[in-house]
Amino acid sequence: MTQHKNDSSPQFTIGKLAAAAGVGVETIRYYQRRGLLPVPDNAQGFRHYPATLADRIRFIRRAQELGFSLDEVGHLLQLEQGGERVAIRSLAAERLAQVQAKIHDLQKMESMLSGLIQACAHSSGDTACPIIAALAGELSVSTCPPERPDCPVSGCGH
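A. How the structure looks around the overall build of the protein. A tally of regular secondary structure across the protein gives six helices and four strands. Its helices and strands taken in sequence order, the protein reads β-α-α-β-β-β-α-α-α-α from the N to the C terminus. Within the protein, the proportion of its 158 residues that are buried is 27%. In the protein, once contacts between residues fewer than 6 apart in sequence are set aside, the share between residues at least 24 apart is 49%. As presented, the protein carries roughly 10300 Å² of accessible surface, and 55% of it is formed by carbon and sulfur atoms.

Next up, the structure:
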C-alpha cells in the first residue's frame with residue numbers, strides 16, 4: 001500500500017484510474033477531498049495519476065466493506081506508512097468488537113421475530129396478532145411466560 005512520489009508506473013487520467021479501480025470519477029474526487037488520495041499537478045490541462053493508486057482505491061473500498069469509516073481508513077493508511085502493526089491490530093480489533101456486537105443484536109432480533117412469527121401462527125383469530133401487538137407495545141417481547149421459555153412473547157396465548 002505504500003506510495004512513492006517518483007513512481008514509474010503507467011500514468012492514468014482520472015477516468016482511466018476510476019475504470020481500473022472499479023469506481024466512479026466522483027469517488028476519486030471525494031477520496032481526494034477527504035485526503036485519502038493525492039491530487040496530482042495539472043499538466044497541460046490533465047492530471048495524471050500513477051496506476052498504483054488503483055490498488056489504494058481498492059484498499060479503501062474493501063476497508064469500507066468491512067465497516068471501517070473513511071476516517072478510520074485514513075488512520076489505517078497513516079499507520080501503514082509507519083509500519084505500526086500494533087496500532088493497526090488495535091483498530092481492527094475495535095472494528096471486530098463492533099461487528100460482534102451487531103451480530104449479537106441481530107441474533108436477538110432474529111430470535112424475537114422468529115418467536116413472534118411462531119406465536120402468530122399458533123394464535124387464534126379471535127385474539128390480537130402477536131406481531132402487531134408486540135410492535136404496538138401491547139405485548140412484551142422480552143418477557144416469556146414460564147410455561148413457554150422458548151416463546152419471546154408474554155401473553156401470547158401459549
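What follows continues from the structure just given.
B. Focus on the nonpolar core. In terms of nonpolar packing, the biggest core is built from 21 residues, with Ile28, Ile57 and Ile60 touching the most fellow members. Broken down by element, this core gets its largest block of residues, five residues, from helix 3 (residues 53-65). Dropping the residues within four chain positions of it, isoleucine 28 is found in contact with Ile14, Leu17, Ala18, Val23, Leu37 and Ile57.

C. Geometry of helix 2 (residues 25-33). Among the residues of helix 2, those classed as buried are Ile28, Tyr31 and Gln32. Seen end-on, helix 2 carries its buried residues on one side only, within an arc spanning 105°. The inward-facing, buried residues of helix 2 abut helix 1 (14-21), strand 4 (49-50), helix 3 and helix 4 (70-82). Looking one or two residues beyond helix 2, the residue adopting positive phi is glycine 35, at roughly 80°.

D. The arrangement of the environment of isoleucine 14 in detail. One can find isoleucine 14 in helix 1. When the C-alpha atoms of isoleucine 14 and tyrosine 49 are compared, they prove to be 6.8 Å apart, with 35 residues separating the residues in sequence. Once you skip the residues sitting within four places of it in the chain, isoleucine 14 turns out to touch Val25, Ile28, Arg29, Arg47 and Tyr49.

E. Inspection of the packing of aromatic side chains at higher detail. Applying the stated criterion across every chain yields a total of one aromatic pair. Ring geometry for tyrosine 30 and tyrosine 31: centres 6.5 Å apart, planes at 45°, overall tilted. Cation over ring: arginine 95 sits above phenylalanine 68, and NZ or CZ is 5.5 Å from the ring centre.

F. Quick peek at the pattern of salt bridges. According to the stated counting rule, one finds four salt bridges in the structure shown. Its salt-bridge partner being aspartate 71, residue arginine 34 comes within 2.7 Å of it at the nearest N-O pair. Of this pair, arginine 34 sits in the loop between helix 2 and strand 2 (42-43) while aspartate 71 sits in helix 4, and the two are 37 residues apart along the sequence. Relative accessible area serves as the criterion here: at 35%, arginine 34 is assigned to the partly exposed category. Between arginine 58 and aspartate 55 there is a salt bridge, with the nearest N and O atoms lying 2.6 Å from each other. Residue arginine 58 and its partner aspartate 55 are located together in helix 3, separated by three residues, close to a single helical turn. For arginine 58, a relative accessible area of 28% gives the class partly exposed.

The rules we used
- Residues numbered from 1 in each chain as written.
- Predicted model: local features only at pLDDT ≥ 70, side-chain atom pairs only at ≥ 80, totals over all residues.
- Heavy atoms only, no water.
- Helix = DSSP H or I, 4+ residues; strand = E, 2+ residues; numbered from the N terminus.
- Buried < 20%, exposed > 50% of the residue type's maximum accessible area, 1.4 Å probe, protein only.
- Contact = heavy atoms within 4.5 Å.
- Areas by Shrake-Rupley, 256 points an atom, 1.4 Å probe, with all protein chains shown as cover.
- Core = buried A, V, L, I, M, F, W, Y, C linked by side-chain atoms within 4.5 Å.
- Arc of directions from axis to C-beta.
- Phe/Tyr/Trp six-rings, centres within 6.5 Å; stacked < 30°, edge-to-face > 60°.
- Lys NZ or Arg CZ within 6 Å of the ring centre and 35° of its normal.
- Salt bridge = Lys/Arg side-chain N within 4 Å of Asp/Glu carboxyl O.

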